Amino acid sequence: MRENVVANIRKALNNHADQKTADSSQRFFKEGEKALVHGVKSAEVRRIGKEFFRHIKALPKKEIFELCEELWKSQYLEEAVIACVWSEAQHKKYEPSDFEMFQHWVEVYVNNWAACDTLCNHTIGTFIMMYPEYIRELKKWANSPNRWVRRASAVTLIIPARKGMFLGDIFEIADILLPDQDHMVQKGYGWMLKVASQAHEREVFEYVVSKKAVMPRTALRYAIEKMPVQLRTEAMRK
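Conventions and cut-offs
Residues numbered from 1 in each chain as written. Predicted model: local features only at pLDDT ≥ 70, side-chain atom pairs only at ≥ 80, totals over all residues. Heavy atoms only, no water. Helix = DSSP H or I, 4+ residues; strand = E, 2+ residues; numbered from the N terminus. Rg over C-alpha atoms; globule rule 2.2 N^0.38 Å. Buried < 20%, exposed > 50% of the residue type's maximum accessible area, 1.4 Å probe, protein only. Contact = heavy atoms within 4.5 Å. Areas by Shrake-Rupley, 256 points an atom, 1.4 Å probe, with all protein chains shown as cover. Phe/Tyr/Trp six-rings, centres within 6.5 Å; stacked < 30°, edge-to-face > 60°. Core = buried A, V, L, I, M, F, W, Y, C linked by side-chain atoms within 4.5 Å. Arc of directions from axis to C-beta. Salt bridge = Lys/Arg side-chain N within 4 Å of Asp/Glu carboxyl O.

Enquirer: I'd like a rundown of the overall build of the protein chain, residues and numbers included.
Expert: Tallying secondary structure elements over the protein chain gives 15 helices and zero strands in all. Over its C-alpha atoms the protein chain spans a radius of gyration of 19 Å, differing by no more than 12% from the 18 Å that the globule rule assigns to 238 residues. In terms of overall dimensions, the protein chain has C-alpha extents of about 60 × 40 × 30 Å along its principal axes. Within the protein chain, the fraction of its 238 residues that count as buried is 53%. A sequence separation of at least 24 residues applies to 71% of the contacts in the protein chain between residues at least 6 apart. Just so you have it, the protein chain exposes about 11500 Å², and 51% of that area is on carbon and sulfur atoms.

The structure is reproduced here in structure tokens:
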């Protein structure tokens, strides 16, 4: 059954693929970061994912995660997105032992910002809100030699940050990532701080100002993007 499901998904994706979409999608990736794509519009990808999920939702979570693994293996972005749709749909069944599988996907398969953010924002972010003790593992990710694992340490906290959660941990992860020279990591923790500022504007502003001598400009600009003009001007002042 597993092979049939995955094969049918790939057939559906190929049926909805077009070269124009494939070409335009690459505009969002820099050289060396380009994703492998079929060329299917994102809304259509999610529709296909949800349509096929109806056929497998009665399966045990373990079998659904095995199907996700097969999709991740292809390295196609659209298949990774469908894997994320399915793993997120299992959130009511998450248990602590699932973290090992999620970490495996990040370490082995994630190779661009889109796959990283799709998996981390929702599947892993939801898991962390359910089992916050695993934030300690994110702090380990922040020291990884893998750029996408380091980005994952920050972007996993985007949804919790939007809810005003884990501010102290957000600052701790930002502290670890501050000297990072990778622009994708800088954008990742800058985004995390920006979202956190929506619930904790003053605290994030004070954090950014206290670190601006060492914080890369890319991260700083992301972090203050949603702040009032006066605060942005002050934060950017040398």
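The discussion continues.
Enquirer: Describe the packing of aromatic side chains, and please don't skip the residues or the numbers.
Expert: Within this structure, the stated rule accounts for 16 aromatic pairs. Between Phe-127 and Tyr-134 the ring centres are 5.2 Å apart and the planes differ by 70°, which places this aromatic pair in the edge-to-face class. Exposure remark for Tyr-134: the relative accessible area of 15% places this residue in the buried category. Every member of this aromatic cluster is reached through a ring pair, and the members are Phe-65, Trp-72, Tyr-94, Phe-99, Phe-102, Trp-105, Tyr-109, Phe-127, Tyr-131, Tyr-134 and Trp-141.

Enquirer: Summarise the nonpolar core; cite the residues concerned and give the values.
Expert: Counting 87 residues, the largest nonpolar core has Trp-72, Trp-86, Ile-128, Tyr-189, Met-192, Leu-193 and Met-215 as its most contacted members. Those residues in contact with Met-215 that lie beyond four places of it in its chain are Leu-178, Tyr-189, Leu-193, Tyr-207, Val-208 and Leu-220.

Enquirer: Describe helix α11 (residues 167–177), with residues and values.
Expert: Within α11, burial applies to Leu-167, Ile-170, Phe-171, Ile-173, Ala-174 and Leu-177. Taken down its axis, α11 places every buried residue within 165° of arc, on the same side. Where the residues of α11 are buried, they touch α8 (135–141), α9 (147–155), α10 (158–162), α12 (183–197) and α13 (201–211).

Enquirer: Please set out the pattern of salt bridges residue by residue, giving values where relevant.
Expert: Taken as a whole and assessed by the stated rule, the structure comprises 17 salt bridges. Glu-70 is paired through a salt bridge with Lys-73; the nearest N and O atoms lie 3.3 Å apart. Of this pair, Glu-70 and Lys-73 both sit in helix α4 (residues 61–73), separated by three residues, roughly a single helical turn. Looking at Glu-70, the relative accessible area reads 24%, which means it is partly exposed. Taking relative accessible area as the criterion, Lys-73 reaches 46% and is therefore assigned partly exposed. A salt bridge links Lys-140 to Glu-137, with the shortest nitrogen-to-oxygen separation between them at 3.3 Å. Here Lys-140 and its partner Glu-137 are both found in helix α8, three residues apart, which amounts to about one turn of the helix. What makes Glu-137 buried here is its relative accessible area of 15%. Each of Glu-44, Arg-47 and Glu-51 takes part in a single network of salt bridges with overlapping partners.

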